[in-house]
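Inside the fold
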Amino acid sequence: MPQFYRYLLALPAVIATLSVNATSLPDTTTLKKSIPLHQSAPTQSVDRITDIQQGIVLIKADSVAQGVHLMASGLQKTLAMNKADRVMDFNGIELINLINTLDEHKLSDGEQKLGLEIIRLVFKQKIDPSEKSLEQYLKGMPNTLFVKRIHLMIQNSDHRVENMLDGLLKEYPDMLSFNILKAELSYQQEKYAAASDYCDRAIAIWPSYAYAYNLKARSEGKLEKYDQELEDENKAVSFFDTYADAWYYKAAACLDLDKYKEAIASYRKTSELYPDYEYSNYFLAKSYKYADNADSALYFINQHIRQYPNDEDGYDLKGDLYYNRDDYSTAIEYYDQAIRISPKNAGFYEDRGNAYFYWKKVDTALNDFKKATELDKKDYYAFEQMGDCYYNKEDYQTSIQFHQKALKIDPTYKYAMLSLDLCYDQLGNHELALSYCKKAIAIDSTYANALGNLGWEYYCTGHNDECIDYSYRCLKHDETATYAMFNIALATLRKGDAPKARELYKHFFDLCQEKKYEMTGGAVTDLRDLIKANVEVDQAKSIIQDIFGETP
């Protein structure tokens, strides 16, 4: 879109935002009921709105100078009351300057005529994409700052705007609107570091400029600097506490930082200020989901779906909520709706495939994961899940093939490494299984499952001390890993230290009972395997009977 349209046609909406901090002008009856008492008396509020409304009427009737005067009066009252200029973008800053400059009559006759003509065309909505008539007012005029700003506004290409802006910034480095426009353009071009830098320049010029803090924070969010993003959004709302946009992005930063309670509070504040703010109900639902409050999450995702009945992400998230409740059939119903709306989204097939997998419909799950890989040939997660399906079917060789495909796409995918460990363990190749555990730990030294599995593979290869060491490392990162507890006791028994082993079995058994940790039959099975191997037979039988209460 040409800059001429982008900025000038936005001015009426900016006027509305300045006047009532909303997107449209209400009638005066609504206004009297809605303006908070802490802002001002209703009469003063209505007066400022009336000035702006009457100014627009006069402009449309070609009494432009009178209209500008009334608008300037209304804007001055508004800004004195609510400091709304702190949340204005380039459009707003330039509009305030243009209106005030024209009302002050400090321009030359040619400049005044040019400015008034722009206002007239904008509010009468008579700007044409090929409009050249404004150029005639610039001919022969002195190259003043006002004229340069008009030149910038009427450029019809982003390239020309940016070239002109760069020159203006060299000449006027402390011009607030030029710096914020450069920040906006950099953000649009995904040059987020540059956008942040120009926001800093704008903030240095005006330290309470909430919009600059918000734009800077959003740039930092794109750069995954979430702590800095949160810090700057906090500054934005401190300078303008009813700034819905800043509360929304503050919530997003909290969500990225796993601060779910803070995210919920900020999204609620967004909705309080602007009930229909885009996707706020969706992200509220997501925040409640991560905060383990499924009922509230369901409430807000239902609100979101009512607001956006054709949003596939809403149905997918609702499916996730039922999936987390182990209600796989209901989850699948919502994943089906998401897929109907967006049939080429590989992620939705993954989600439905997972639901089918845990609903024990492994072949159907395989079909969904296969569809995901057809839609996205780099979908390493779907290949990994296909491998899990074949593992579930005890086809370990085929499972290995798909886990290897996932690892080929992403050589750092630690879950595929652990899956390969499990496959090779089932095939009795403990040395190769051990090597994949080590690879996973090289990627993530805190990966509890890999540490625990490595301990088991060391046991299987006769390295009891290493088994004990890595099993303890596993428990350091996951205190609920009961299999690692009993592997420690098992390896101790196999080393021949029966009294210590018995003590460990009793300690870990009592701990599991106290903490209500789930115990599988693996510990007893491993002891029975020792008996079959004719190793520590009497001690193993005694532990099975005395501690686990089972028949050896």
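The sections below set out a description of the structure shown in this document. (Residues numbered from 1 in each chain as written. Predicted model: local features only at pLDDT ≥ 70, side-chain atom pairs only at ≥ 80, totals over all residues. Heavy atoms only, no water.)

1. Considering helix α17 (residues 280-290)
The buried fraction of α17 is high, at eight of eleven residues. On its buried face, α17 sits against α15 (244-256), α16 (260-273), α18 (294-307) and α19 (312-324). Immediately downstream of α17, the backbone of D292 shows phi near 65 degrees, a positive value. (Buried < 20%, exposed > 50% of the residue type's maximum accessible area, 1.4 Å probe, protein only. Helix = DSSP H or I, 4+ residues; strand = E, 2+ residues; numbered from the N terminus. Contact = heavy atoms within 4.5 Å.)

2. Quick word on the environment of K476
In this structure, K476 sits in helix α28 (residues 464-477). For K476, a relative accessible area of 71% puts it in the exposed group. Taking the C-alpha atoms as reference points, K476 and L451, 25 residues apart in sequence, are found 9.9 Å from one another.

3. Considering the side chain of K182
Mapped onto the elements of the fold, K182 is located in helix α11 (residues 176-188). The exposure class of K182 is buried, given its relative accessible area of 9%. Sequence-distant contacts of K182, that is, excluding residues within four places in its chain, are made with E162, L165, D166, L169 and Y198.

4. Things to note about the side chain of S342
Turning to its location among the elements, S342 is positioned in the loop between α20 (328-341) and α21 (346-358). Setting aside residues no more than four positions away along its own chain, S342 makes contact with E312 and F348.

5. So, the nonpolar core
With 106 residues, the main nonpolar core has Y267, I301, Y505, L527 and F548 as its most contacted residues. Element by element, the count of residues in this core is highest for helix α29 (residues 482-494), at eight residues. Not counting residues up to four positions away in its chain, the partners in contact with L527 are L490, L493, Y505, A540, I543, I544 and F548. Among the nonpolar cores identified, the runner-up in size contains 38 residues, and L176, A183, Y198 and C199 belong to it. (Core = buried A, V, L, I, M, F, W, Y, C linked by side-chain atoms within 4.5 Å.)

6. As for the environment of V537
Within the secondary structure, V537 sits in helix α32 (residues 537-546). A relative accessible area of 19% places V537 in the buried class. Between the C-alpha atom of V537 and that of L527, which follows or precedes it by ten residues, the distance is 8.6 Å.

7. Digging into the pattern of salt bridges
Tallied over the full model, the rule gives 24 salt bridges. Here D166 ties to K182 by a salt bridge, and the two come within 2.8 Å at their closest N and O atoms. Placement of D166 in helix α10 (residues 158-171) and of K182 in helix α11 is noted, with a sequence separation of 16 residues between them. Residues D469 and R473 are paired through a salt bridge, measuring 3.1 Å at the closest nitrogen-oxygen approach. You can see D469 and its partner R473 sitting in helix α28, four residues apart, about one turn around the helix. (Salt bridge = Lys/Arg side-chain N within 4 Å of Asp/Glu carboxyl O.)

8. Some thoughts on the packing of aromatic side chains
In this structure the tally under the stated criterion is 38 aromatic pairs. Summarising the aromatic geometry, the rings of Y415 and Y447 are spaced 5.6 Å apart at their centres and angled 75 degrees between planes, so their arrangement reads as edge-to-face. In this pair, Y415 is assigned in helix α25 (residues 414-426) and Y447 in the loop between α26 (430-443) and α27 (448-460), connecting sequence segments 32 residues apart. For Y415, a relative accessible area of 42% gives the class partly exposed. Accessibility expressed as a relative area gives 9% for Y447, which makes it buried. With a centroid separation of 5.9 Å and 5 degrees between ring planes, the pair formed by Y424 and Y436 is classed as stacked. Here Y424, found in helix α25, pairs with Y436, found in helix α26; they are twelve residues apart in sequence, far enough to count as distant. Taken together through their ring pairs, the aromatic side chains of Y248, Y249, Y267, Y274, Y277, Y279, Y282, F283 and Y308 make up a single cluster. In this structure, R218 packs its charged tip against the face of Y187, placed 5.1 Å from the ring centre. (Phe/Tyr/Trp six-rings, centres within 6.5 Å; stacked < 30°, edge-to-face > 60°. Lys NZ or Arg CZ within 6 Å of the ring centre and 35° of its normal.)

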